[in-house]
Amino acid sequence: QVQLVESGGGLVQPGGSLRLSCAASGRIFRIYYMGWYRQAPGKQRELVAAITSRGSTNYADSVKGRFTISRDNAKNTVYLQMNSLKPEDTAVYYCNARIQTTTDYADRDYWGQGTQVTVSS
């Protein structure tokens, strides 16, 4: 019904930057919020940043001032600009969205497949 496809992960040196993208497609009626989570080895998945359809944002304390989330509602796409990356940012990053579908007009959480971000010299 709905697919979230992420791109933009990779290997970067400490202090570097990466931009993640996540495009939603399928039987979409409305997208309420979109966000990014991450999961490092041996740790629980945690919220990194989220943005509502009106542009209100929320960030984890650990990324405030370094990461910026943005959204293109016309393209059903969310972005995560990551600057001043640190080794502790290394994780698999997952896109998440709360979407109301045209199938039954119920809203559900959807997840992308994840993209690896590695910060290392």
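Residues numbered from 1 in each chain as written. Predicted model: local features only at pLDDT ≥ 70, side-chain atom pairs only at ≥ 80, totals over all residues. Heavy atoms only, no water.

J.: Any chance you could explain the nonpolar core here in plain terms?
T.: Most often, soluble globular proteins have nonpolar side chains that are buried together. Counting 32 residues, the largest nonpolar core has Trp36, Leu80, Met82, Tyr93 and Ile99 as the members making the most contacts within it. For this core, the secondary structure elements donating two or more residues are strand E1 (2-7), strand E3 (18-26), strand E4 (28-39), strand E5 (46-52), strand E7 (67-72), strand E8 (77-82), strand E9 (91-101) and strand E11 (115-119). Among the elements that make up this core, the one with the highest residue count is E9 (five residues). Contact partners of Ile99, with chain neighbours within four places excluded, come to Val2, Leu4, Ala24, Ile28, Arg30, Ile31, Ala106, Asp107, Arg108 and Tyr110. (Core = buried A, V, L, I, M, F, W, Y, C linked by side-chain atoms within 4.5 Å. Buried < 20%, exposed > 50% of the residue type's maximum accessible area, 1.4 Å probe, protein only. Helix = DSSP H or I, 4+ residues; strand = E, 2+ residues; numbered from the N terminus. Contact = heavy atoms within 4.5 Å.)

J.: Help me understand the packing of aromatic side chains, please; the structure alone is not making it clear to me.
T.: Two measures describe an aromatic ring pair: the distance that separates the ring centres and the angle between the ring planes. Going through the model one piece at a time under the given rule, you end up with two aromatic pairs. Ring geometry for Phe29 versus Tyr105: centroids 5.1 Å apart, planes at 80°, classification edge-to-face. Here Phe29 is found in strand E4, whereas its partner Tyr105 is found in the loop between E9 and strand E10 (107-111), with 76 residues between them in sequence. We classify Tyr105 as partly exposed; its relative accessible area is 45%. We note Arg19 situated over the ring of Tyr79; from NZ or CZ to the ring centre the distance is 4.1 Å. Across from the ring centre of Trp111, 4.8 Å away, lies the NZ or CZ of Arg45, which sits over that ring. (Phe/Tyr/Trp six-rings, centres within 6.5 Å; stacked < 30°, edge-to-face > 60°. Lys NZ or Arg CZ within 6 Å of the ring centre and 35° of its normal.)

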